[in-house]
Every structure is written in C-alpha cells, then in structure tokens.
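A closer look at the structure
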Amino acid sequence: MGKLLHTLATAAATVGLFAAAHAPAGADPGRLPYAATTSVGVHNAYEQAKFPYFADALDSGAGMLEIDVWTNVFGRSWRVSHSNPFGNANNCAGAAHEGELRTGARNRDLGGCLADLRAWHDANPGHRPILIKMELKDGFQANAGRGPAALDALLGARLGDALFRPADLAAGHPDLDTAVRTSGWPTRSALAGRFLVELIPGTLEEGNPLDSLWTDREYAQHLRGLRAAGRLAEAGAFPAVHHAAAGDPRTRYTDPSIRPWFVVFDGDAAAYAGGTIDTSWYDRNGYLVVMTSAHGVAPAIDATRPDERQALDRVALLADHHAGVVSSDWYPLPSVLGTVLARGGAGL
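Residues numbered from 1 in each chain as written. Predicted model: local features only at pLDDT ≥ 70, side-chain atom pairs only at ≥ 80, totals over all residues. Heavy atoms only, no water.

Within an unreviewed UniProt entry, the label attached to the chain reads Phosphatidylinositol-specific phospholipase C domain-containing protein, and the organism entered is Streptomyces sanyensis.

Here it is as structure tokens:
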C-alpha cells in the first residue's frame, strides 16, 4: 500500500455539498468534498533527482504530482521531460504491474508514466485521490496526432476506471461550472482510488507569438464540442485557467461559451496570498485552486528543504487563503506531502 497520512473510507460515499470548508476540528477529511480540502503537491515530480522512480512519488503521500509533456513534430509520441523537447528524461518505468514499478529502464513517454499510475493503483486500491497536473510545454499538436482527442484516448486506455473524468463531475449538468455550483465535488472518500488530470499551457507555448490557441482554450473548446455531440464521457482531463488574477479570470476568454468548462484555476501562491485577490470567491463556488511556488510567499522559505514546521505553517496559511492544492518542491518531507487540511482555515 502507498503511504497515506489519512485513511480514506471506501468509494461508497455519495457526492457531498461544495465548499464546506469550515469543518469542525477533528472532522474526517474523507467526508469532506474534494474541493473543500487543501492538499500538498510536488512540482515536476517526474524528475529523477526528486524521486528515483515515479512510484516513489506516488508513495510519497502527495496529493498532486506534476508532469511536463512535449508534443512537437520533432519527436515521437508524448515526451516527458523538463527541457529536452526531443526525448524523454524522467523517472517513469512503464510498469505493467507492481513488480515492474522500480525495475527496467526509465525515461519513458507519457504512456509509460500513465502505465506506472495504473500499476501503482492496482497495487493500492482505495488510495488517496491524486491530481496529476500536466503542463503541455509546447501545447497540443493535433496535426501530429497529439491533440485533445488523442490525449483522451491515451488517458482512457492507460488509466481506465481509475480516471475521474469531467463527465463524472458534470453528472447530467450542462457544464462543469453548473455542476460544482449546484451539486459540488464528490467527497474525498468517494474519490478514493481515482486520478484527476489537470491541464495547463506550457512555458514555451505561452511565449510563442505564433501560437494563438493555448492548451486551456483548446481543451475547453474540445469539452464544449464533446458535450454538444453527447460524447462528454470521452473526455479525460480538466483544463485550468493559468495565472492568478483578480475577479473571475475566465473573462479573459472572449468566447463566453467556453468559460463554464473551467472549474480549476492555477497560479502563483504569492499572488493569491497578496491581498488583491478574493480567494474566498473560489471556495464559495466550489472551484479548485492550485497555488504554486508556495515557498515564495513572504516571508520566503526554502524551496526544497525548509524546516518541517515552516512548511506545515505555509500549507496552513494557504489553506486559510482557500488553496485546494499547495505546491512546491518539498519532496524530502513526506509528512508535509501527506497533509490534508480543511480549506478556508478550519482544522481537521
């Protein structure tokens, strides 16, 4: 079994109300809606310098693990690497079963990383819900066979019933926004044994003046199209609005018809905690917020090996600011990575 700080109940629990952040002290986190809790994530968890194998990242207890993906036409498949757009450089082993999670060659493509997820999942039924954050470094490349539909197919083929899909959250509602504001997210216990996939635009994509269709907008359009065709069940990921901003950041999308497909937001923790953004708005509406570079919030602490008390205090501070996930490079601190708090500042 993977290392879990909190023992989750079975997946028989029903969908809970959203944004019930002010839970009484001692409350079971498994009974809270997923978006009413704050968990901890690891930036670029696929790097071998952080975890020898991706299975080690999964065993760490972290609630979010980040993967960088390249799609350009100059390489094959979906490559997983930080700075090499042509090949793979990562800790994924492409395991077919638990016994292969730490054997064989690493540096696999995205399919290999997803295979590790499934093999680890099969060996750890009922594991904590884990958000897999994918940064598409250079965006989708549909003309090279690496577009939104191809990603859906890969996610479905490798993860199967371990994948929590947009259609699972929509549950008959016309879009994701209506779903979370009306019915909310499932409880953490109902999401036991599931992976959720978040997509953000990549650094190269956002800096490319020739790219006018970034990952967030392209995948939201994809969701809208699938819903209109009665095929939303095919979708495998949740697009995120990237970068913190005041008000409703979805107004940046000039096409209002795609805005209801964003219920995940992702940006710098210092911006969210700086006092100019009403982060309670996200909490009230049941939106998930991933706050990155948590170490950089004033006063800054070490990005990798802070004192454990410093890191725990930082997680609590950002939970007060309504973070859904607090992310940094604190891979050496498993006791911190396994932390789950009630979102909005209440204790568990």
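Continuing now.
From N to C terminus, the chain includes eleven helices and ten strands. Here the C-alpha atoms of the chain give a radius of gyration of 18 Å, agreeing with the 20 Å that 2.2 N^0.38 yields for 348 residues. Overall size of the chain, expressed as C-alpha extent along the three principal axes, is 50 × 45 × 40 Å. The 348 residues of the chain split such that 58% are buried. By sequence separation, contacts in the chain at least 24 residues apart represent 70% of the contacts at least 6 residues apart. Entry remark: accessible area of the chain is about 12900 Å², with carbon and sulfur atoms responsible for 53%. Across the chain, 30 positive and 37 negative side-chain charges occur, with their mean positions spaced 3 Å apart. (Helix = DSSP H or I, 4+ residues; strand = E, 2+ residues; numbered from the N terminus. Rg over C-alpha atoms; globule rule 2.2 N^0.38 Å. Buried < 20%, exposed > 50% of the residue type's maximum accessible area, 1.4 Å probe, protein only. Contact = heavy atoms within 4.5 Å. Areas by Shrake-Rupley, 256 points an atom, 1.4 Å probe, with all protein chains shown as cover. Lys, Arg positive; Asp, Glu negative; His and termini not counted. Charge placed at Lys NZ, Arg CZ, Asp CG, Glu CD.)

Turning our attention to the pairing of strand E2 (residues 64–70). For E2, the buried fraction is high: seven of the seven residues fall into the buried class. Examined bridge by bridge, strand E1 (residues 37–42) and E2 share two bridges and lie parallel to one another. Looking at the pairing, Gly41 lines up with Met64 of E2. As paired elements, E2 and strand E4 (residues 130–136) share six bridges and run parallel to each other. Within E4, the residue paired with Asp68 across the bridge is Glu135. Here E2 runs beside strand E3 (residues 79–80); their pairing, made up of two bridges, is antiparallel. Bridge pairing links Trp70 to Arg79 in E3. (Pairing = 2+ DSSP bridges.)

Tallied over the full model, the rule gives 18 salt bridges. The salt bridge partner of Asp56 is Arg102, with a shortest N-O separation of 2.8 Å. Separated by 46 residues along the polypeptide, Asp56 in helix H1 (residues 54–59) and Arg102 in the loop between E3 and helix H2 (110–123) bring together distant segments of the chain. The partner of Asp177 in a salt bridge is Arg250, and the shortest N-O contact between them spans 2.9 Å. On the criterion of sequence distance, the pair formed by Asp177 in helix H5 (residues 176–182) and Arg250 in the loop between strand E6 (238–242) and strand E7 (264–268) is long-range, its members being 73 residues apart. Across this residue pair, the class does not change: Asp177 and Arg250 are buried. Within the structure, one salt-bridge network assembled from shared partners comprises Asp177, Arg181, Asp248 and Arg250. (Salt bridge = Lys/Arg side-chain N within 4 Å of Asp/Glu carboxyl O.)

This part is about the pairing of strand E5 (residues 195–201). E5 sits mainly inside the fold: seven of its seven residues count as buried. Residues Phe195, Val197, Leu199 and Pro201 line one face of E5 and the alternating positions Leu196, Glu198 and Ile200 line the opposite face, and both faces are buried. Two elements, E4 and E5, share seven bridges in a ladder whose sense is parallel. In the strand pairing of E5, Leu136 is matched with Pro201. The pairing of E5 with E6 spans two bridges and is parallel. Paired with Glu198 across the two strands is Phe238, which belongs to E6.

Where H2 meets helix H3 (residues 148–159), the closest approach of the two axes is 8 Å, and the angle between their N-to-C directions is 35°. Here H2 runs over H3; the crossing is right-handed. In this structure, H2 uses Leu110, Gly111, Gly112, Leu114, Ala115, Leu117 and Arg118 to contact H3, whose residues at the interface are Leu151, Leu154, Leu155, Arg158 and Leu159. Residue composition of the contact of H2 with H3, by class: eight nonpolar, two polar and two charged. (Axes fitted to C-alpha atoms, helices over the stretch in contact; angles between N-to-C directions. Left-handed = near helix turned anticlockwise from the far one by under 90°. Nonpolar A, V, L, I, M, F, W, Y, C, P; charged D, E, K, R; others polar.)

Helix length check: helix H7 (residues 215–228), at 14 residues, gives a terminal C-alpha distance of 20 Å against a target of 20 Å (1.5 Å per residue), a fit within 8%. Thr215, Asp216, Glu218, Tyr219, Ala220, His222, Leu223 and Leu226 are the residues of H7 that are buried. One or two steps after H7, the chain reaches Gly230, where phi turns positive at roughly 70°. (Expected span 1.5 Å × (residues − 1).)

Position of Leu317 relative to the elements: it lies in helix H10 (residues 308–320). A C-alpha to C-alpha distance of 9.4 Å links Leu317 and Gly344, two positions 27 residues apart in sequence.

What follows concerns the state of the cysteines. Enumeration over the complete set of coordinates arrives at one disulfide. With a sulfur-sulfur separation of 2.0 Å, Cys92 is cross-linked through a disulfide to Cys113. Its torsion about the S-S bond being 100°, the disulfide of Cys92 and Cys113 is classed as right-handed. Taken together, the positions of Cys92 in the loop between E3 and H2 and Cys113 in helix H2 put the pair 21 residues apart, joining distant regions of the chain. (Disulfide = S-S within 2.5 Å.)

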